[in-house]
Structure formats: structure tokens, C-alpha cells
Amino acid sequence: MQSKAQLEDLIAKVREALDAAVPATTPPLLVKVAPDLTDDDIKDIADIAKGPMVDGLIATNTTIDRPDNLKSIFKAETGGLSGQPLMAPSTKILSDLYSASGGTVPLIGVGGIASGADAYAKIRAGASLVQLYSAMVYEGPALPGRICRDLAKLLKRDGFTSVKEAVGADHR
Ligand SMILES: Cc1cc2nc3c(=O)[nH]c(=O)nc-3n(C[C@H](O)[C@H](O)[C@H](O)COP(=O)(O)O)c2cc1C
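What comes next concerns the included structure. Remember, predicted model here, so these are calculated numbers, not experimental data. (Residues numbered from 1 in each chain as written. Predicted model: local features only at pLDDT ≥ 70, side-chain atom pairs only at ≥ 80, totals over all residues. Heavy atoms only, no water.)

### Some words on the overall build of the protein
So, step 1. For the protein, the helix and strand inventory stands at 7 helices and 4 strands.
So, step 2. Along the protein, from the amino end to the carboxyl end, the secondary structure elements read α-β-α-β-α-β-α-β-α-α-α.
So, step 3. Over its C-alpha trace the protein gives a radius of gyration of 17 Å, about what one expects of a compact globule, namely 16 Å for 172 residues.
So, step 4. Projected onto the principal axes, the alpha-carbon positions of the protein cover approximately 45 × 40 × 30 Å.
So, step 5. Counting across all 172 residues of the protein, residues that qualify as buried make up 38%. (Helix = DSSP H or I, 4+ residues; strand = E, 2+ residues; numbered from the N terminus. Rg over C-alpha atoms; globule rule 2.2 N^0.38 Å. Buried < 20%, exposed > 50% of the residue type's maximum accessible area, 1.4 Å probe, protein only.)

As C-alpha cells, this is what we get:
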């Protein structure tokens, strides 16, 4: 689904369906990508996202990869791997998409976030917004508040007065 021709075709049809379903407004269309992408895939996706039909990218979904350092007895199960082992590879894809799009496409960072430092790393890599899922299972509903407080401290430490100022900071 992430090859250029297929993705362009899919997005065109989704855009058409969206516009027909809600003609009075223009809902943003965000494309969520896998972390298991080649450099060519990243270039193709960034090219499409720079065009008029896509409003932003969500990087990333779960991975089909199995890093060597997994300890769980379930590590050989098929399916998508999420959480901490996904943080580094997912942030790398996010960063590569930021570079490939010249920082012009809104990016949502997701994959392995469990702390303010993780959220900050995604923002510095190019995310304007972050999401998390797996860490809620381990840390519970107090986690988002803790992340916001820790993120605010990290931004202040580095002299940023807003999240916006820090977006893509690692590329400058
Ligand atoms: C049980 C489970 C179900 C998921 N279902 C979806 C889904 O339906 N659609 C989707 O885009 N992503 C889905 N995801 C992926 C998450 O939204 C997220 O991209 C991924 O888990 C990485 O973030 P995390 O490390 O914070 O969990 C699912 C993840 C998990 C663990």
C-alpha cells in the first residue's frame, strides 16, 4: 500500500470520498506509515505528502521487525511490535520524512513514547504533534500529564518558549 502508484491511487479515492461525505468542510487527510520503509519509499511518500491531497503524515505504525534485544517469550509471534523497541526506528523514519519533505509537511510522531524525553525527541526530529498507545498500558492514565510537565521542563532547559520552536530542531 505504500508504493507510490498504489498510495497515490488510494489517497485520490479517499480524498474524493471525504470531499463527497463532508462537502461543507475540508477535513484534514493524514497518512499513517509503517516503520519498515526503504529510503526510496520515504522519498516517494514525502513527494506525495508535499502535494495538495495530503495534509500530513503519521510516523509510525507498529513494526514487523524483531530487534535482537527482545526478551519476551512472545517475541517470535507474528504481528506488529509496538512500545519501547519501536522508539528508535520509528523516530528515524520520522526524521527521514522531515528531511525528505524539507520540513514542509506536518508530521505526527508515534512509536515508543513513554516519557517527556521521548516526546521531546520526536518533536526535535520533526513532529508537530505526538501520540502514544503502548506506554498507557504500563504507566496508566497519569502518563500524559507527566509527559507534558517533563516536556515543558526540557523545552525551557533548551531555551524554547513553545513546542513549535522545537519542531525539527535536530535538523538545524
Ligand atoms: C493493540 C494495538 C492496536 C492497534 N490498532 C491500530 C489501528 O487500528 N490503526 C492504527 O493506525 N494503528 C493501530 N495501532 C498502532 C498504534 O496506533 C501506534 O502507531 C503504535 O502502537 C506505536 O505506538 P506505541 O509504541 O505508543 O504503541 C495499534 C497498536 C496496538 C498496540
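### Looking at the site of the ligand
So, step 1. Around the ligand, a shell composed of 13 residues is seen, among which K32, G83, G112, Y133 and S134 lie nearest.
So, step 2. In the environment of the ligand, an oxygen atom lies 2.8 Å from a nitrogen or oxygen atom belonging to the backbone of G83.
So, step 3. A distance of 2.6 Å is found between an oxygen atom of the ligand and a side-chain nitrogen or oxygen belonging to S134.
So, step 4. Given that more than half its atoms are within 2 Å of the pocket grid, the ligand belongs to the largest pocket.
So, step 5. Broken down by class, the residue content of the shell around the ligand amounts to 4 nonpolar, 8 polar and 1 charged. (Near = heavy atom within 4 Å. Polar contact = N/O pair within 3.5 Å; in protein donor to acceptor, adjacent residues only side chain to side chain. 1 Å grid on protein atoms, 1.4 Å probe; cavity = no way out; pocket = protein on both sides within 12 Å on 5 of 7 lines; lining within 4 Å. Sits in = over half its atoms within 2 Å of the grid points. Nonpolar A, V, L, I, M, F, W, Y, C, P; charged D, E, K, R; others polar.)

### Quick notes on a nonpolar patch on the surface
So, step 1. On the surface, M1, L10 and V14 cluster together to form a nonpolar patch covering roughly 270 Å² of accessible area.
So, step 2. Here V14 shows up in helix α1 (residues 4-21).
So, step 3. Residue V14 is classed as partly exposed on the basis of its relative accessible area of 32%. (Patch = residues over 30% accessible without salt bridge, like charges linked within 9 Å, V, L, I, M, F, W, Y side chains within 5 Å. Areas by Shrake-Rupley, 256 points an atom, 1.4 Å probe, with all protein chains shown as cover. Salt bridge = Lys/Arg side-chain N within 4 Å of Asp/Glu carboxyl O.)

### As for the nonpolar core
So, step 1. V33, L57 and L97 are the most contacted members of the largest nonpolar core, which has 30 residues in total.
So, step 2. Listed by contribution, the elements that provide at least two residues to this core are α1, β1 (30-33), α2 (39-50), β2 (56-59), α3 (87-100), α4 (116-125) and α6 (143-157).
So, step 3. Counting 5 residues, the second-largest nonpolar core is a separate cluster that includes I113, A119, A135 and I147. (Core = buried A, V, L, I, M, F, W, Y, C linked by side-chain atoms within 4.5 Å.)

### Some words on the pairing of β2
So, step 1. Of the two faces of β2, the one holding G56 and I58 and the one holding L57 and A59 are both buried throughout.
So, step 2. Sheet analysis places β1 next to β2, joined by 4 bridges and oriented parallel. Following the sheet pairing, K32 is matched in β2 by I58.
So, step 3. For the handedness criterion, the β-α-β arrangement of β1, α2 and β2 is classed as right-handed.
So, step 4. Pairing analysis gives 3 bridges linking β2 to strand β3 (residues 107-110), with the strands arranged parallel. For I58, the partnering residue across the bridge sits in β3 and is I108.
So, step 5. For the segment spanning β2, α3 and β3, crossover handedness is right-handed. (Pairing = 2+ DSSP bridges. Right-handed = clockwise from strand over helix to strand, strands pointing away.)

### A short note on α3
So, step 1. Given a rise of 1.5 Å per residue, 14 residues ought to cover 20 Å, and the 20 Å separating the end C-alpha atoms of α3 matches this to within 8%.
So, step 2. Here α3 has its buried residues at M87, S90, T91, I93, L94, D96, L97 and Y98.
So, step 3. Against the buried residues of α3 lie β1, α2, β2, β3 and α4.
So, step 4. Phi for G102, located one or two positions after α3, is positive at around 65 degrees. (Expected span 1.5 Å × (residues − 1). Contact = heavy atoms within 4.5 Å.)

### A closer look at the layout of surface pockets
So, step 1. Roughly 660 Å³ of internal volume is contained in the largest pocket.
So, step 2. Lining the largest pocket are 32 residues, with L81, S82, G83, Q84 and S134 sitting closest to its centre.
So, step 3. At 5 residues, the largest contribution of residues to the lining of the largest pocket is made by helix α5 (residues 134-139).
So, step 4. Taken together, the residues of the lining of the largest pocket sort by class into 13 nonpolar, 13 polar and 6 charged. (Points joined across faces, edges and corners; volume = space filled by probe spheres on them.)

### Quick word on the environment of G145
So, step 1. With respect to the secondary-structure elements, G145 resides in helix α6.
So, step 2. The class of G145 is partly exposed, set by a relative accessible area of 28%.
So, step 3. The sequence separation of G145 and G116 amounts to 29 residues, and the corresponding C-alpha distance is 9.5 Å.

In short, shape yes, function no, at least from these values alone.
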